[in-house]
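# Summary of structural features
Read off the chains here:
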Amino acid sequence: DAGITQSPRHKVTETGTPVTLRCHQTENHRYMYWYRQDPGHGLRLIHYSYGVKDTDKGEVSDGYSVSRSKTEDFLLTLESATSSQTSVYFCAITGTAYGYTFGSGTRLTVV
Amino acid sequence: GENVEQHPSTLSVQEGDSAVIKCTYSDSASNYFPWYKQELGKRPQLIIDIRSNVGEKKDQRIAVTLNKTAKHFSLHITETQPEDSAVYFCAQYNNNDMRFGAGTRLTVKP
């Protein structure tokens, strides 16, 4: 497909539990991003990475952490999930910092 | 970073008519303006983009115009077809910060 996969595709979790979402790419792209999508808000940047172990915060980073130990994997962790983190999460990659390619998304429900 | 305002939030047109979606940005340093199409339950996909040194770009039935002075850019779809029905997002980019509009749900009625 587009050289980017997200897992899991769907997850239901309880409030207060930790959750990790995975983004895997086969394009060897430098830049990777995590967005959340909510009705009326479009896509909002959570965190991004510009290389192995190089990450930075985005617009809505509170409650989230990320790690990138390999070029191909970018992990998003919710340390203690809350209902406000119920959302669809998209990973994106780009080799040039332009023209993002998005993954298929992870639908997360926190109950 | 600063956000992008996108209008309208919903748009319904008859097949064959044109559709126009407008976005306004405030970050004058933004230099790249892409448009994404998202079909129901699918990922956003890039359909067209424009750099800040260009005023207009066209690709078959879709075109994007950019007015840097007024800080707005628009997506134009001509001869709309039912398969154009989707949510469209504009975005502005500056220094690794891509900000998206809230989206426009376009419905093309056969």
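Residues numbered from 1 in each chain as written. Chains lettered and ligands numbered in written order. Predicted model: local features only at pLDDT ≥ 70, side-chain atom pairs only at ≥ 80, totals over all residues. Heavy atoms only, no water.

## Focus on the state of the cysteines
Rule in force here: Note that a disulfide, as used here, is simply two cysteine sulfur atoms within 2.5 Å. Numbering of helices and strands starts at the N terminus; helices are DSSP runs of H or I of at least 4 residues and strands are runs of E of at least 2. Between buried and exposed lies partly exposed: a residue is buried under 20% and exposed over 50% of the maximum accessible area for its type, with that area taken using a 1.4 Å probe on protein chains only.
Tallying each qualifying case throughout the model produces two disulfides over all chains. Between the sulfur of A:Cys23 and that of A:Cys91 lies a disulfide, 1.9 Å long from S to S. Negative torsions about the S-S bond denote left-handed disulfides, and the value of about -75 degrees found for A:Cys23 with A:Cys91 makes this one left-handed. Of this pair, A:Cys23 sits in strand 3 (residues 19-25) while A:Cys91 sits in strand 9 (residues 87-94), and the two are 68 residues apart along the sequence. Here B:Cys23 pairs with B:Cys90 through a disulfide, and the sulfurs are 1.9 Å apart. Taking the torsion about the sulfur-sulfur bond, which here is approximately -100 degrees, the covalent link between B:Cys23 and B:Cys90 counts as left-handed. Remark: B:Cys90 occurs in strand 9 (residues 86-94) and B:Cys23 occurs in strand 3 (residues 19-25); sequence separation between them is 67 residues. No difference in accessibility class separates B:Cys23 from B:Cys90, as the two residues are buried.

## Describing the pattern of salt bridges
Residues and elements named next belong to chain A. Counted only if it meets this: Salt bridge, as used here, is a side-chain nitrogen of Lys or Arg placed within 4 Å of a carboxyl oxygen of Asp or Glu.
Enumeration over the complete set of coordinates arrives at nine salt bridges over all chains. Residue Arg22 is joined to Asp73 by a salt bridge in which the shortest nitrogen-to-oxygen separation is 3.1 Å. One end of the pair, Arg22, is in strand 3; the other, Asp73, is in strand 8 (residues 73-78), and 51 residues separate them in sequence. Overall, Arg22 belongs to the partly exposed group, its relative accessible area being 34%. Shared partners join several salt bridges into a network, and the residues in it are Arg22, Lys70 and Asp73.

## So, the sheet that holds strand 8 of chain A
Residues and elements named next belong to chain A. Counted only if it meets this: Think of it this way: DSSP has to see at least two bridges between two strands before they count as a pair. Lines are fitted to the C-alpha atoms to define the axes, a helix being fitted only along its stretch in contact, and any angle between axes, read from their N-to-C directions, falls within 0 to 180 degrees.
Taking strand neighbours across the sheet as the criterion, the four strands line up as 1-3-8-7 in an open arrangement whose pairing is antiparallel. Each having just a single partner strand, strand 1 (4-7) and strand 7 (64-70) make up the two edges of the open sheet. Averaged over neighbouring strand pairs, the angle between their axes works out to 20 degrees when direction is ignored. When strand 1 meets strand 3, the two strands line up antiparallel, connected through four bridges. Each bridged residue has a counterpart across the sheet, and for Ile4 the counterpart in strand 3 is Gln25.

## Let's talk about the interface of chain B and chain A
As a reminder of what qualifies: The contact criterion used throughout is that any non-hydrogen atoms of two residues lie within 4.5 Å. Throughout, the accessible surface (probe 1.4 Å) given up by two parts as they are put together, summed over both, is called the buried area.
On the side of chain A, 23 residues touch chain B, which itself brings 18 residues to the contact. Contact with chain A buries area across many residues of chain B, yet B:Arg43, B:Asn96 and B:Phe100 alone supply 39% of it, more than any other trio. Taken together, the connections running from chain B to chain A amount to one salt bridge. For B:Arg99, the salt bridge identified is with A:Glu59, shortest N-O distance 3.5 Å.

## Some thoughts on the environment of A:Asp73
Residues and elements named next belong to chain A. Selection criterion: Residues adjacent in sequence count toward polar contacts only when both atoms are side-chain atoms; beyond that, a polar contact is any pair of N or O atoms within 3.5 Å, and within protein one must be able to donate a hydrogen and the other to accept it.
Taking the relative accessible area as the measure of exposure, Asp73 reaches 8% and is therefore buried. Ignoring sequence-local partners within four residues, the contact set of Asp73 consists of Arg22, Cys23, His24, Met32, Ser67 and Arg68. A polar contact is formed between the side chain of Asp73 and the side chain of Arg22, at a distance of 3.1 Å. Polar side-chain contacts of Asp73 include one of 2.7 Å to the side chain of His24.

## Focus on the sheet that holds strand 7 (residues 62-67) of chain B
Residue and element names in this part refer to chain B. Taken in spatial order, the five strands make up an open sheet running 1-3-8-7-6, and their pairing is antiparallel. In this open sheet, the two edge strands, each paired with only one partner strand, are strand 1 (4-7) and strand 6 (56-59). For this sheet, the mean angle separating the axes of adjacent strands, direction not counted, is 15 degrees. In terms of strand pairing, strand 7 meets strand 8 (residues 72-77) through six bridges, oriented antiparallel. Bridge assignment links Ile62 to a residue of strand 8, and that residue is Ile77.

## A few points about the confidence of the model for chain B
The criterion, for reference: What pLDDT reports is the predictor's confidence in each residue, on a scale of 0 through 100.
For chain B, per-residue confidence averages 93 on the pLDDT scale, and 98% of positions sit at 70 or higher. The spread of mean pLDDT over the elements of chain B runs between strand 10 (residues 97-100) of chain B, the lowest at 88, and strand 2 (residues 10-14) of chain B, the highest at 98.

## Some remarks on the packing of aromatic side chains
Where we set the bar: Pairing of aromatic rings covers Phe, Tyr and the six-membered ring of Trp, with a centre-to-centre limit of 6.5 Å; geometry is then stacked below 30 degrees between planes, edge-to-face above 60, and tilted otherwise.
As enumerated under the stated definition, the model contains 18 aromatic pairs over all chains in all. Centre to centre, the rings of A:Tyr35 and A:Tyr100 are 6.3 Å apart; their planes meet at 55 degrees, and the pair counts as tilted. Of this pair, A:Tyr35 sits in strand 4 (residues 31-38) while A:Tyr100 sits in the loop between strand 9 and strand 10 (101-102), and the two are 65 residues apart along the sequence. Residues A:Tyr64 and A:Tyr89 carry aromatic rings whose centres are separated by 5.9 Å and whose planes lie at 65 degrees to one another, so their mutual orientation is edge-to-face. Highlighted residues: A:Tyr64 in strand 7 and A:Tyr89 in strand 9, separated in sequence by 25 residues. A:Tyr64 sits in the buried class, given a relative accessible area of 8%. An aromatic cluster is present here, built from A:Tyr33, A:Tyr35, A:Tyr48, A:Tyr50, A:Phe90, A:Tyr100, A:Phe102, B:Tyr36 and B:Phe100 joined pairwise through their rings.

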